[in-house]
Amino acid sequence: MKYAIDEAKLSGQDIPVGCVIVQNGKIIASAHNEREKNNDISAHAEILAIKKAARQLNNWRLDDCSLYVTLEPCPMCAWAISNSRIKEVYFGSYDLKYGALGSKINLAQISNTKPKIFGGIMEKECNELINNYFSELRK
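Everything numeric here is computed off the predicted structure, so don't read it as measured data.

Novice: Which parts of the structure should I look at to understand the overall build of the chain?
Specialist: Summing up its helical and strand segments, the chain has five helices and five strands in all. Helices and strands appear in the chain in the N-to-C order α-β-β-α-α-β-α-β-β-α. By the compact-globule yardstick of 14 Å for 139 residues, the chain fits well, its C-alpha radius of gyration being 14 Å. Considered along the principal axes of its C-alpha atoms, the chain spans approximately 45 × 30 × 25 Å. Of all 139 residues assigned to the chain, the portion counted as buried reaches 47%.

Written as structure tokens, this is what we have:
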């Protein structure tokens, strides 16, 4: 999760969310939110990291990979995670408004692949990233 937090800090004007994908203990892809930078609503950290991992492995099936992300995935990202067959998801902050892996809804329950979900990993540090971002935004 430490690497995902470091990645989140690169988000610039975007909400600081970072994601890394790991295979056999090695990071094969990392990304951070780039919606503002790219004017692309789908440029969430998870989507960008999944695309990078698929290119790296030359395969959209990431069934032997784990994903670490600083914020609980939204419905779009949760469904992409499930469809890419990622086996485990570790997230930091719970998203009580849009969280789609247990907080608001749980899309993993209706997925054929049913990734294992672990939330609250380094939650304090991940919450600080989000809270600091919105505090600065309100100033």
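Novice: I would appreciate a short explanation of the nonpolar core in the present structure.
Specialist: Ranked by size, the top nonpolar core spans 27 residues in total, and within it Ile21, Ile50, Leu62, Leu67 and Ile86 carry the most contacts. Going through the elements one at a time, strand 1 (18–23), strand 2 (26–32), helix 3 (45–57), strand 3 (65–71), helix 4 (75–83) and strand 4 (88–93) are the ones with two or more residues in this core. Those residues in contact with Ile50, other than ones at most four positions away along the chain, are Ile21, Leu62, Leu67, Ala80, Ile81, Ser84 and Ile86. By size, the runner-up hydrophobic cluster in this structure holds nine residues, among which are Met1, Ile5, Ala8 and Tyr90.

Novice: Could you clarify how one ought to interpret the pairing of strand 1 in this entry?
Specialist: Summarising burial for strand 1: six of the six residues are buried, a large majority. Of the two faces of strand 1, both are covered, the one formed by Gly18, Val20 and Val22 as well as the one formed by Cys19, Ile21 and Gln23. Pairing geometry for strand 1 and strand 2, over six bridges, is antiparallel. Counted as the bridge partner of Gln23 is Lys26 from strand 2.

Novice: Looking at this structure, I do not really get the packing of aromatic side chains. What am I missing?
Specialist: Aromatic rings in a pair are described by how distant their centres are and how their planes are angled relative to each other. If you walk through the whole model with that rule in mind, you get four aromatic pairs. Consider the rings of Tyr90 and Phe118, whose centres lie 4.8 Å apart with planes at 15 degrees: the pair is stacked. Residue Tyr90 is located in strand 4, and its partner Phe118 is located in strand 5 (residues 116–118); the two are separated by 28 residues in the primary sequence. Following the ring pairs from residue to residue traces out a cluster consisting of Tyr68, Tyr90 and Phe118.

Novice: Sorry if this is basic, but what is going on with the pattern of salt bridges here?
Specialist: It is possible for side chains of opposite charge to pair when their charged atoms get near one another. Per the counting criterion, the structure on display carries three salt bridges. The salt bridge involving Glu136 is made with Lys139; its shortest N-O contact spans 3.1 Å. Relative accessible area serves as the criterion here: at 75%, Lys139 is assigned to the exposed category.

Novice: Help me understand the sheet that holds strand 3 in this model?
Specialist: Working definition: the strands of a sheet are paired by backbone hydrogen bonds and lie parallel or antiparallel to each other. Pairing is mixed across the open sheet formed by five strands, whose spatial order is 2-1-3-4-5. In the strand order of this sheet, the two ends are held by strand 2 and strand 5, each with one partner. Between one strand axis and the next, the sheet turns by 15 degrees as a mean value, whatever way the strands run. This element, helix 3, spans strand 1, strand 2 and strand 3 of the sheet and lies at about 140 degrees to strand 2.

Novice: For this particular structure, what's the right way to read the pairing of strand 3?
Specialist: Consecutive side chains along a regular strand alternate between the two faces of the sheet. With six of seven residues buried, strand 3 lies mostly within the body of the structure. In the sheet, strand 3 pairs with strand 4 via five bridges, with the strands oriented parallel. When the sheet's bridge partners are listed, Leu67 is paired in strand 4 with Val89. Where the polypeptide runs from strand 3 across helix 4 and back to strand 4, its parallel neighbour, the crossover connection is right-handed.

Reading the values: the criteria
Residues numbered from 1 in each chain as written. Predicted model: local features only at pLDDT ≥ 70, side-chain atom pairs only at ≥ 80, totals over all residues. Heavy atoms only, no water. Helix = DSSP H or I, 4+ residues; strand = E, 2+ residues; numbered from the N terminus. Rg over C-alpha atoms; globule rule 2.2 N^0.38 Å. Buried < 20%, exposed > 50% of the residue type's maximum accessible area, 1.4 Å probe, protein only. Core = buried A, V, L, I, M, F, W, Y, C linked by side-chain atoms within 4.5 Å. Contact = heavy atoms within 4.5 Å. Pairing = 2+ DSSP bridges. Phe/Tyr/Trp six-rings, centres within 6.5 Å; stacked < 30°, edge-to-face > 60°. Salt bridge = Lys/Arg side-chain N within 4 Å of Asp/Glu carboxyl O. Axes fitted to C-alpha atoms, helices over the stretch in contact; angles between N-to-C directions. Right-handed = clockwise from strand over helix to strand, strands pointing away.

Shape descriptors only; they carry no functional weight alone.
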